[in-house]
Every structure is written in C-alpha cells, then in structure tokens.
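A closer look at the structure
These are the residues of each chain, in order.
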Amino acid sequence: MGITRRFTVAERRARLAIRHGLAPAHRAADVVEAARRVVCLHATDPSTIFLSAQARVAGMTVADLERALYVDRSLVKHLAMRRTLFVFPRERLADAQAGASGRVAALERRRLASLVERFGLHGDGARWLKKVSSQVVAALSDGRERTFAELRDEVPLLNGVIPYGEGKTWAGQVAIGANVLTVLSASGAIVRATNTGAWTTSRPRWTAMAAWLGEPLEPRSEAEGTAALVEAWLRAFGPGTDADIAWWLGSTLTAVRRALATTKAVAVDIDGRVGYVLPDDLDDVGPVAPWIALLPPLDPTTMGWKERDWYLGPHTGAVFDRNGNAGATIWCDGRIVGGWRLQGAGEVDVQLLEDIGRNARRKIDAEAARLTAWLAGVCVQPRFPSPLCRS
C-alpha cells in the first residue's frame, strides 16, 4: 500500500479541533452529536461524560444529558473496548457489541468461572455462572429496573465474595454478583438503566437490554462490528497508526489490519510514520481559529490515540498515571499544556506545564471561570487524578 499524502502535526490538530467539537466555531449541536463526534464518551468516571459533553455543546445542562440517557435513550451506557464503560449513541451499540463487547464478555466469563472455583465458592464455575446468569436475565425480563441489592435478594446465587490484593495494604473483597452483572452487560443481555444517585456518582439500576431499547440488539459478526468501529474511529480520530487503533479497540493488529482493508483505508505519512485515513477523507480542513478547552479525566480526545507525542509532548508523566489513565487537561490549539483540578466549592484551579503567553493564559482563565460557573458549587472528585493534579 503506497503512501497517499503527508499530514502535518498542524493538520492533525486542526482536525481534532473541528471533529471533536472543541473549537468554539465547531461545537456539537447536542449531547448525542457530541458523543458521535468522538465515537463514544468514556464513562468509567461518572462525571466524565457530563464534563466531556459540556466542553463540546454550548449551553449544555446536566438535565440535557440525563434526558438522552434515561428518557430518550438515544445514548446508552455499555461495557466495551478495553473492558471500559462508555456511553454510545444508540445506533452504534450493535457495532460495539459485535466488535468489542462480545470479546470482553468471553474473557470475563472465563475469569469469573475460574475465580469462584479457585476460592471454593462453587465447584463448577462455568455451570454456576450459566445458572445464575439465566436467573438474572429471567428476573429482568419483565422490563422493570432493579438495583444490585434488589437483584441479590431475588437471585440468591449472586451472593458471595472474592478476595483481592491478598497481602497488600489495599486488600479487600468484591461481591461475585457484581462480576456476574459485568459479564451479562458485556454480553448485551442487560444494561445500566437509570441512576439512583447524583450525576457525579454511579449507582445504576439494571434491566434487560431488549426492554430498555424496545428491541434486541441487531446481531452481526465480529468482523462486521470491528470494521464499523475502525471506520468510525478513522472518521473521528484519523489519521492514526494501526497501533493507535488496536490500542483504542483493545484488539489485535491482525484484526485491525483486516478492518482497514475492509474499509479501504489509505496509507498516509504522519510525521514519518504510516497512518491511515478513509479514502474520502484526504482533503485539508484548513486553519482553525485559536481555541482553549478544559477536558475532564479520561476524556475521549485525550485517550483517543496510543501514540500521543504530537499533542502531549513531554507531559506524559504529569498527565497520565502509571495505569495509563489520563487526568484533567488544558488544551491550547490542539495540544495539552497543563491540567486543572477543583478546589473548595467547585472552583477550577489551573495548573500550567509551560509558558503559553499572556493572551492564551487570559483565555484559559476565562474558560476556567466558565466551567466554575457551570459546576455551580459541585466539587467533583476524580477517580483517576493525574500526578499533576495530586501535586
């Protein structure tokens, strides 16, 4: 496959600004479009989806996103790539299930069956898991929502705990029932429905996926799902390397290269490396007016690529923790220049990693003030604070 053309770092940053809805002139129209712009929103940290959406949608409120999640159901929480919880536009769910979630479910199923045998909870882990799974699905098949505690009362097989971190200072126990729900959600049988807590917490009720959507997920092959996800990634994040895509997808280079062939992706030069874009996506997007964005921990833009030097520079150790989780970031014209944290009653505290000039600093302070006003006194504590934030 020959190199079609060269993309400069400046072009990649301009694409990011436009396609991800971060430049003010290119904001998303609503929260569903904001999710589509980046394929899906990270939801491991419950507040991230709200902070990611408000950074991309002018005037967005908490109620706007909650309506899309729980009333319209145009956005759906689903466990997918890299065993991570995301919020997908509804029309992308079947692709995610086939191209990522099914693989996660299979791994989790084998792991859980092995664990319950190892710790003596059940002699035949696979048989127990099949039985408890069928009972949970049957309990939720009426379409009503249940909390985990309510499900555990209805399905006694969900009871039991597994130790973790034995011999460590952080050792503890985890309920096996929670792991059962993880397997069933990744398999597409059940779904996180409404939330019993505030938008900053994750306390889901559970129900059957088909009942929540009004129809079952459309079945498709893993190859079809993978190709669809790769195409969506290229549209949102391209150009990028096959290593970028494999990391994001949580899959193999072999599967990614097969999907690149299916989508007829073309090879391009990105700073001396081979990257890929879709065949109809070779045009220059043109310059973008200067912009600033304050993005939350695990934002899909920050987490979108494996090879990040072109927008992260020397700041990896300040922004990412040892497990590869990104903290809150400050973006200036397509690159990360610092981070931010909340103090007191939800007041945004700016932490710059380099001198960006007086004009850019004024814009950052203005954006910090806007975010402080949007939070309206809510002080969100990140689950994955960056080293910079902890400092």
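Residues numbered from 1 in each chain as written. Predicted model: local features only at pLDDT ≥ 70, side-chain atom pairs only at ≥ 80, totals over all residues. Heavy atoms only, no water.

**So, the layout of surface pockets**
In plain terms, the rule: Of the two site types, the cavity is a set of points on a 1 Å grid over the protein atoms alone where a 1.4 Å probe fits but cannot get out, and the pocket is an open set with protein on both sides within 12 Å along at least five of seven lines, each lined by residues with an atom within 4 Å of a point. Grid points are joined across faces, edges and corners, and a volume is the space filled by probe spheres set on the points. Working definition: helices are DSSP H or I runs of at least four residues, strands are E runs of at least two. Numbering for both runs from the N terminus. Basically, the charged four are Asp, Glu, Lys and Arg, the nonpolar ten are Ala, Val, Leu, Ile, Met, Phe, Trp, Tyr, Cys and Pro, and anything else, Gly included, counts as polar.
Taken as a whole, the largest pocket spans an internal volume of roughly 720 Å³. Looking at the largest pocket, it is lined by 28 residues, and the ones nearest its centre are Thr44, Leu79, Arg83, Leu85 and Arg383. If you list the elements that add at least two residues to the lining of the largest pocket, you get helix H3 (46-54), strand S3 (75-80), strand S4 (84-89), helix H8 (176-186) and strand S8 (204-208). Per element, the largest residue contribution to the lining of the largest pocket is three residues, and it comes from H8. Split by residue class, the lining of the largest pocket holds 13 nonpolar, nine polar and six charged. Lining the second largest pocket, in full, are Arg111, Leu115, Ile162, Pro163, Tyr164, Trp170, Gln173, Val174 and Asn179. Looking at the lining of the second largest pocket, the elements that each hand over two or more residues are helix H5 (93-118), strand S5 (161-164) and strand S6 (172-175). At three residues, S5 tops the list of elements feeding residues into the lining of the second largest pocket. Across the lining of the second largest pocket, the residue classes tally to six nonpolar, two polar and one charged.

**Side note on the packing of aromatic side chains**
Our working rule: In this analysis, rings of Phe, Tyr and Trp, with Trp reduced to its six-membered ring, are considered paired at centre separations within 6.5 Å, and the interplanar angle assigns stacked below 30 degrees, edge-to-face beyond 60, and tilted for intermediate values. Exposure is judged per residue with a 1.4 Å probe applied to protein chains only, and the accessible area is read against the type maximum: over 50% gives exposed, under 20% gives buried, and values in between give partly exposed. Throughout this description, the term charge over a ring refers to an Arg CZ or Lys NZ atom that lies within 6 Å of the ring centre and within 35 degrees of the ring normal.
All chains considered together, the criterion is met by nine aromatic pairs. Ring geometry for Phe237 against Trp305: centres 5.1 Å apart, planes inclined by 80°, an arrangement best described as edge-to-face. Pair noted here: Phe237 is in helix H10 (residues 222-237) and Trp305 is in the loop between strand S11 (292-295) and helix H13 (309-312), with a separation of 68 residues, a long-range link. Here Phe237 and Trp305 have matching classes, each one buried. On the numbers, 5.2 Å between centres and 20° between planes, the contact of Tyr311 with Trp331 is stacked. Of this pair, Tyr311 sits in helix H13 while Trp331 sits in strand S12 (residues 329-332), placing them 20 residues apart in sequence. Taking the relative accessible area as the measure of exposure, Tyr311 reaches 1% and is therefore buried. Sitting over the face of the ring of Trp247, Arg308 holds its NZ or CZ atom 5.0 Å from the ring centroid.

**Some words on empty space enclosed by the protein**
The rolling of a water-molecule-sized probe over the atoms marks out the regions of remaining empty space. Enumeration according to the criterion identifies five cavities of 30 Å³ or more in this entry. Considering the residues around the largest cavity, the lining is formed by 14 residues, among which Pro297, Ala328, Trp340, Val380 and Pro382 are closest to the centre. Among the secondary structure elements, those contributing two or more residues to the lining of the largest cavity are H3 and strand S13 (335-343). When its residues are assigned to classes, the lining of the largest cavity shows ten nonpolar, two polar and two charged.

**Remarks on the sheet that holds strand S2 (residues 41-42)**
Applied cut-off: Only strands joined by at least two bridges in the DSSP assignment are considered to pair.
Here three strands make up an open sheet; going across it, the order is S2-S4-S3 and the pairing antiparallel. Across the chains shown, the open sheet's two edge strands, defined by having one partner strand only, are S2 and S3. By the bridge criterion, two bridges tie S2 to S4 in an arrangement that is antiparallel. Pairing of His42 across the sheet is with Phe86, part of S4.

All we've got here are geometric facts, nothing functional implied.
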